[in-house]
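Analysis of the macromolecular model
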Amino acid sequence: MNPVYSALGTTIFTTMSGLATQLGAVNLGQGFPETDGFPEVRREAARALMEASNQYPPMKGMPVLLGAVAEFYGRRQGLNLEAAHNVLITSGATEAIAAAIFALISEGDEVIVFEPMYDAYKPLIERAGGVCVSVRLSPPDWRFDEAMLTAAFTPRTKAVMITTPNNPTTRMLSREDWDLLAGFVTAHEAYVISDEVWEETVFDGREHISVLNVLPDQGIKIGSAGKIFALTGWKVGFVCAAAPLITQIAKAHQFLTFTTPPALQAGVAFGLGLADSRFIEARNALQASRDFLRDGLEAAGFVTLPADGTYFLNIDLKGSGIAVSASDFALRAVHEAGVATIPMDAFCSEGGASMSVVRLCFCKSDATLQRGLEGLIRARALF
Ligand code: GLN
């Protein structure tokens, strides 16, 4: 069997959600909204399911959705995308990431990744024959600097994997971060695969900067309808890039999933056309949930890390006076205090256990967050 997968366990998200269900714990682990998002988008998909075709849509995506993605990013991020050449629809952002990696990476190519990182990247890069070159970032800023990039880039660097806003750190790349990275990428003629699935989930008036705002010819931007509309089970993703890159990535996509359910594509196309105010409303509701959880944690003596975007808020255990590893805390919290969290070391290759941070998901009702808080306060008393 292939050693990349033999060496892997089940994802931390599945493990923690399983434990939460089995133990009846409040689940602040895996990132999914407690209630379904945008009803008008679901209604449109339901209508399309009954009234429109359910046969294979075009391999690169339905024209109505390609157009809606190009229009949405033009409107919201100032990007200049041609629907027919610069957009590809995939079955979720994870498929988009896989297709981009498989399309670009050959045996022995180096891919720079930043840890902590989302858990899907490393196995996909290694399955493609690539070699991960890790840059370890540290809380609370989780920023890279010139010295880190100088050490990471080599003549074998083929691509850089970026996540902004970042899951799990929640931080966003600033214009200065992008400019620094772009200098290295250009000098090395590399690509940037930019996971931007949290682009609409940003708080406190922050502005998302896409890779395509900085590196239009070398950037591959990945988006997710599941995140934009709080419908994570839909698995509708987008790749946006220069035409030659889309042509190449589409070749990988055609033999991964080939296409994506047409009714869901129709629903997403409709949703992307909604007024900007609708997206702001969704963002404000999430920000209020973040504030509710953060205020409760701070009142209970926990120290939290900056939370710029995403569904997540991180607790600095050491800073909170809790002297255990994140994994120990997470395991005892779910077994003995009735609350599931995600330990940050799950997002690191090795030595991550020293990172005493746990990730909490806050896209839940206030009542659920309150029960989660009570669990965390019980967990704190265990140590
Ligand atoms: N993106 C989700 C998270 O970070 C998990 C997705 C999954 O479970 N595969 O929690």
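Refer to the preceding data block for the structure.
In this text, all values refer to a predicted model and were calculated from it rather than measured experimentally.

**What about the site of the ligand?**
- The environment of the ligand is formed by Phe13, Gln30, Gly31, Tyr118, Asn167, Phe312 and Arg359.
- Within the side chain of Asn167, a nitrogen or oxygen atom sits 2.8 Å from an oxygen atom of the ligand.
- Arg359 is positioned such that a nitrogen or oxygen atom in its side chain is 2.7 Å from an oxygen atom of the ligand.
- Here the ligand loses 77% of its free accessible area of 300 Å² to cover by the protein chains.
- Along the lines of polarity and charge, the residues of the shell around the ligand split into three nonpolar, three polar and one charged.

**With respect to the packing of helix α14 (residues 276-299) against helix α16 (residues 366-381)**
- Where α14 contacts α16, the two axes come as close as 10 Å, and the packing angle between them is 25°. Our classification of the angle between α14 and α16 gives roughly parallel. Here α14 and α16 pass one another in a crossing that is right-handed. Contacts between α14 and α16 involve Ser289, Phe292, Leu293, Gly296 and Leu297 from the former and Asp366, Leu369, Gln370, Leu373 and Leu376 from the latter.

**Section: the sheet that holds strand β13 (residues 357-361)**
- The antiparallel open sheet is built from four strands, whose spatial order is β9-β10-β13-β12. A strand with exactly one partner marks an edge of an open sheet, and here the two such strands are β9 (303-304) and β12 (342-343).
- Where β12 meets β13, two bridges bridge the pair, whose relative direction is antiparallel. Paired with Ile342 across the two strands is Arg359, which belongs to β13.

**Structural notes on helix α9 (residues 175-187)**
- Between its first and last C-alpha atoms α9 spans 18 Å; for 13 residues at 1.5 Å apiece the expected length is 18 Å, and the two agree.
- Taken as a whole, α9 has its buried residues at Asp177, Trp178, Leu181, Ala182, Phe184 and Val185. Buried residues in α9, looked at end-on, bunch into an arc of 165°, giving them a common side. Away from its buried face, by an angle of more than 90 degrees, α9 presents the exposed residues Glu176 and Ala187.
- Residues of α9 that are buried make contact with α8 (146-152), β5 (157-163), β6 (191-195) and α10 (211-214).
- After α9 finishes, the residue Glu189 shows a positive phi value of roughly 50°.

The rules behind each value
Residues numbered from 1 in each chain as written. Predicted model: local features only at pLDDT ≥ 70, side-chain atom pairs only at ≥ 80, totals over all residues. Heavy atoms only, no water. Near = heavy atom within 4 Å. Polar contact = N/O pair within 3.5 Å; in protein donor to acceptor, adjacent residues only side chain to side chain. Areas by Shrake-Rupley, 256 points an atom, 1.4 Å probe, with all protein chains shown as cover. Nonpolar A, V, L, I, M, F, W, Y, C, P; charged D, E, K, R; others polar. Axes fitted to C-alpha atoms, helices over the stretch in contact; angles between N-to-C directions. Helix = DSSP H or I, 4+ residues; strand = E, 2+ residues; numbered from the N terminus. Parallel < 35°, antiparallel > 145°, perpendicular 65-115°, else oblique. Left-handed = near helix turned anticlockwise from the far one by under 90°. Contact = heavy atoms within 4.5 Å. Pairing = 2+ DSSP bridges. Expected span 1.5 Å × (residues − 1). Buried < 20%, exposed > 50% of the residue type's maximum accessible area, 1.4 Å probe, protein only. Arc of directions from axis to C-beta.

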